[in-house]
Amino acid sequence: MKHIRITVRPDLDRAPPFLRYLLDAEAHEEARAIDWNRGDSELSTHLYEIAGDGGRFADLARETTGVESVELSAADARVSYALIELRDAELPIFGGSATAIDRTGLVVRRPLVYRDGRIHGHIVGDPATLQSTIDDLPESVSVQIDAIQQFPSADVNPATTLSGRQQEALRVAVDLGYYDTPREATHADIAEELGCAPNTASNHLQKGEAKLVKAGLTAFTSSY
């Protein structure tokens, strides 16, 4: 079983305005396709997370032929969520891509990240099947395979690098509100739950956090 990291470059001249907005690095901090569902052979539903002007995105979507409906969580929030229902046949950049990807042997991991004019994603499955999928994509979509790794791996799931005690310490810290703002727990609180000294709890947290941060930075920089 392989984990495959890909970069997708849609043809912006053929992309609908709301998709071009998601790919515009100056329009928002980041956007993500959180999930999607092809409810029948004609309609599909897509959930987007937008760290930026969600109202602008919703307006562009409503003006697009083939978009049946748009629901926006909060247009004035820093991060908003948009639920879009669209007709695949009228938006082939979506319908053609979905038809190509919906096949045995591949799973697309959510979310897809929109950044700097590209879509970054991860697929689990067989590389040969992925290549045949790429060959069947519409001309309006270009896909580059960036990396192929064994699944699972430290790059795919950083938690696999954590010791059992580090995982336990991090879970307790989250449960107690150690990472909340304002912070609701101390090293002593975490140590009490773990049954160890505060210094030991602090050591578990620091080592676990360092591993996760390094893995996160590696994943971020390797997507360029």
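Structure: see above.
Residues numbered from 1 in each chain as written. Predicted model: local features only at pLDDT ≥ 70, side-chain atom pairs only at ≥ 80, totals over all residues. Heavy atoms only, no water.

Caption draft 1: Fine view of the environment of R87. Counting through the fold element by element, R87 comes out in strand β5 (residues 80-87). Apart from residues lying up to four places away in sequence, R87 is in contact with E42, L43, G66 and E68. (Helix = DSSP H or I, 4+ residues; strand = E, 2+ residues; numbered from the N terminus. Contact = heavy atoms within 4.5 Å.)

Caption draft 2: Molecular detail of the pairing of strand β6 (residues 106-115). Bridge count for strand β2 (residues 28-37) against β6 is 3 bridges, and the pairing is antiparallel. The partner of R32 across the bridge, within β6, is V113. One ladder, built from 7 bridges, connects β6 with strand β7 (residues 118-125); its direction is antiparallel. In the sheet register, R115 faces β7, and the bridge partner there is R118. (Pairing = 2+ DSSP bridges.)

Caption draft 3: Molecular detail of the side chain of H46. Locating H46 in the fold gives a position in strand β3 (residues 43-52). Taking the relative accessible area as the measure of exposure, H46 reaches 11% and is therefore buried. Side-chain polar atoms of H46 contact the side chain of S44, separated by 2.8 Å. (Buried < 20%, exposed > 50% of the residue type's maximum accessible area, 1.4 Å probe, protein only. Polar contact = N/O pair within 3.5 Å; in protein donor to acceptor, adjacent residues only side chain to side chain.)

Caption draft 4: Structural view of the environment of D175. As for its placement among the helices and strands, D175 is situated in helix α5 (residues 164-176). A relative accessible area of 67% places D175 in the exposed class. On a C-alpha basis, the gap between D175 and A77 in space is 26 Å, while along the polypeptide they are 98 residues apart.

Caption draft 5: Geometry of the sheet that holds β5. What the 8 strands build is an open sheet, ordered β4-β5-β3-β2-β6-β7-β1-β8; its pairing is antiparallel. Each having just a single partner strand, β4 (67-72) and β8 (141-150) make up the two edges of the open sheet. Between one strand axis and the next, the sheet turns by 20 degrees as a mean value, whatever way the strands run. Of the pairings in the sheet, the one linking strand β1 (residues 2-10) to β7 comprises 7 bridges and is antiparallel in character. Bridged to V8 within β7 is I119. Where helix α2 (residues 54-62) meets the sheet, its contacts fall on β3, β4 and β5, and the angle it forms with β4 comes to roughly 165 degrees. This element, helix α4 (residues 127-135), spans β1, β6, β7 and β8 of the sheet and lies at about 175 degrees to β8. (Axes fitted to C-alpha atoms, helices over the stretch in contact; angles between N-to-C directions.)

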